Amino acid sequence: MKIIHNATLVTLSDDHDYGIIKDAALVINDDKIEWAGAYRDCPYLNNAKMDAIITHDAKGALITPALIDCHTHIVHGGDRAVEFEMRLNGAGYEELARAGGGINSTVRATRAATLDELIAPALIRLDHLIAEGVCIVEVKSGYGLDIETECQMLRAARALSAKRDIMIKTTFLGAHALPDEYRDNPDEYIDAVVIPSLEAAHAEGLVDAVDGFCEGIAFTPAQIARVFDKAKELGLPVKLHAEQLSHLGGTKLAASYAAISVDHLEYANADDAKAMADAGSVAVILPGAFYTLRETQLPPIDAFRQHNVPMAVSTDCNPGSSPMTSLLLAMNMSATMFRMTPEEILRGVTHYAAKALGIENRGRLAKGYVADLAFWQIKHPAELSYRIGYNPLIRRVIGGQL
Ligand code: DI6
Ligand code: FE
């Protein structure tokens, strides 16, 4: 057993005021939290077996559950910085597409990369997240768009967890975009590539969940439904990029498959929020893409509140619409741009992010939860959303390993 003392705990176990406990003690047994409460009430302190207890002075740190980034595309080849500059110099979208730009340039770079060439840059991005106290990162495929490269992306994602102290959750996103070779045949692409890739990746044990991009520039609800049917057949949970750029009905489709999350949602409405509430889906809010695309349609945060839809917040780290590797910045953006409260946001990068990944026992400081912790040099948890470009992390503790 270990006892952490001289700390303020942000337990998130209470429904109000973050479940803050001042002058607290946190008791850890193996990798799990055994007890969290006021130091003076700690039943383990005057224990006869005190010798077997290791105490750790947190020196006044504020401790939250470690953070969780529940929607990323950190594995991919290349980047789109030059394209970014060309756009700012006035190049049009079509001009760039003809010059091989956009998502298909990332697909080409990803296909050309070896496994190690996918892992190395992803590790750099991952290290930025880890430096901010992140303990779980979800990683999607979706830049391979052929059977071998979709699997290769997921292998690269899984390999990250052998190189860092991090849990990686892998999501199959074969229905992300239409590759050049299927330009006019989205249905054929679903049959010939997406479904067989999903089967192959699943057979290799590479898939924790199945995602899609339901959008005018991507796939229709009917096409996504075919992918979801296969996911269901394989016993895999689903999630969806929906209503990001327009209202196409992806949210209701996802809800009808009991999606664990629906993500983006700028163009979602109160009906969609209701459907998500009934299905138990988490709304994943992605301010990085909103910011990068200079979107003006705000996600319906009030409707999510009214219907008690849990909200998560994530980076959506990807080379096109959200080249962002800071979850703390995503937190700040969610407050300033979407008027989410710092408390909603902190819950959104901890236990609701876990829920968006189908994980039950993480993201709170309470008995039975895994002891994944972030120690911060701050006085109040609102500071995590308040500051811009500032990282007060002192240390991360994974699985109770002090
Ligand atoms: N939504 C997005 O904004 C990105 N993917 C998605 O599903 C775009 C990805 C890219 O441009 O590379
Ligand atoms: Fe995304």
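Preceding this paragraph is the structure being described.
Residues numbered from 1 in each chain as written. Chains lettered and ligands numbered in written order. Predicted model: local features only at pLDDT ≥ 70, side-chain atom pairs only at ≥ 80, totals over all residues. Heavy atoms only, no water.

(A) Representation of the packing of aromatic side chains within the structure. In this structure the tally under the stated criterion is four aromatic pairs. Between Phe228 and Tyr257, the ring centres sit 5.3 Å apart and the planes meet at 70°, which makes this aromatic pair edge-to-face. Here Phe228, found in helix H7 (residues 221-234), pairs with Tyr257, found in the loop between helix H8 (250-256) and strand S11 (261-264); they are 29 residues apart in sequence, far enough to count as distant. Accessibility assignment for this pair places Phe228 and Tyr257 in one class, buried. Note on Phe290 and Phe338: the rings are 4.9 Å apart at their centroids and 85° apart in plane angle, and the pair reads as edge-to-face. You can see Phe290 sitting in helix H10 (residues 287-292) and its partner Phe338 sitting in helix H12 (residues 327-338), a full 48 residues away along the chain. Site record: aromatic cluster; members linked through ring pairs are Tyr182, Tyr189 and Phe219. The positively charged end of Arg387 is found above the aromatic ring belonging to Tyr390, 5.1 Å away from the centroid. (Phe/Tyr/Trp six-rings, centres within 6.5 Å; stacked < 30°, edge-to-face > 60°. Helix = DSSP H or I, 4+ residues; strand = E, 2+ residues; numbered from the N terminus. Buried < 20%, exposed > 50% of the residue type's maximum accessible area, 1.4 Å probe, protein only. Lys NZ or Arg CZ within 6 Å of the ring centre and 35° of its normal.)

(B) Inspection of the coordination of the iron ion (ligand 2) at higher detail. Around the iron ion (ligand 2), the protein contributes the donor atoms His71 (NE2), His73 (NE2), His241 (NE2) and Asp316 (OD), at 2.1 to 2.3 Å from the metal centre. Sequence positions of the donors to the iron ion (ligand 2) reduce to the motif H-x1-H-x167-H-x74-D. Note on accessibility: His71 and His73 belong to one class, buried. (Donors = N, O, S within 2.8 Å, 3.2 Å for Na, K, Ca; no water.)

(C) Representation of the side chain of Asp69 within the structure. Note on placement: Asp69 falls in strand S6 (residues 67-69). No salt bridge is formed by the buried Asp69; the nearest opposite charge belongs to Lys140, separated by 9.2 Å. For Asp69, the side chain forms a polar contact with the side chain of Thr315, separated by 2.7 Å. The residues touching Asp69, leaving out its near neighbours within four places in the chain, are Leu129, Val134, Ile136, Val137, Glu138, Ser314, Thr315 and Leu327. (Lys, Arg positive; Asp, Glu negative; His and termini not counted. Salt bridge = Lys/Arg side-chain N within 4 Å of Asp/Glu carboxyl O. Polar contact = N/O pair within 3.5 Å; in protein donor to acceptor, adjacent residues only side chain to side chain. Contact = heavy atoms within 4.5 Å.)

(D) Geometry of a nonpolar patch on the surface. Judged by side-chain polarity, Ile217, Leu245 and Leu293 come together as a nonpolar surface patch covering roughly 270 Å² of accessible area. Residue position: Ile217 is located in the loop between strand S9 (209-214) and H7. (Patch = residues over 30% accessible without salt bridge, like charges linked within 9 Å, V, L, I, M, F, W, Y side chains within 5 Å. Areas by Shrake-Rupley, 256 points an atom, 1.4 Å probe, with all protein chains shown as cover.)

(E) Local environment of the packing of helix H4 (residues 115-130) against helix H5 (residues 147-163). In contact at an axis separation of 9 Å, H4 and H5 are set at 55° when each is read in the N-to-C sense. Between H4 and H5, the interaxial angle falls into the category oblique. In terms of crossing hand, the pair formed by H4 and H5 is right-handed. Together, Leu115, Leu118, Ile119, Ala122, Leu123 and Leu126 of H4 and Gln152, Met153, Arg155, Ala156, Ala159, Leu160 and Lys163 of H5 make up the contact between the two elements. Grouping the amino acids of the contact of H4 with H5 by side-chain chemistry returns ten nonpolar, one polar and two charged. (Axes fitted to C-alpha atoms, helices over the stretch in contact; angles between N-to-C directions. Parallel < 35°, antiparallel > 145°, perpendicular 65-115°, else oblique. Left-handed = near helix turned anticlockwise from the far one by under 90°. Nonpolar A, V, L, I, M, F, W, Y, C, P; charged D, E, K, R; others polar.)

(F) Representation of the environment of Pro237 within the structure. The residue Pro237 is located in the loop between H7 and strand S10 (239-242) in this model. Looking at Pro237, the relative accessible area reads 31%, which means it is partly exposed. Separated by 26 residues in sequence, Pro237 and Asp211 have C-alpha atoms that sit 8.9 Å apart. Leave out the neighbours within four places in its chain, and Pro237 touches Asp208, Ala209, Val210 and Ile260.

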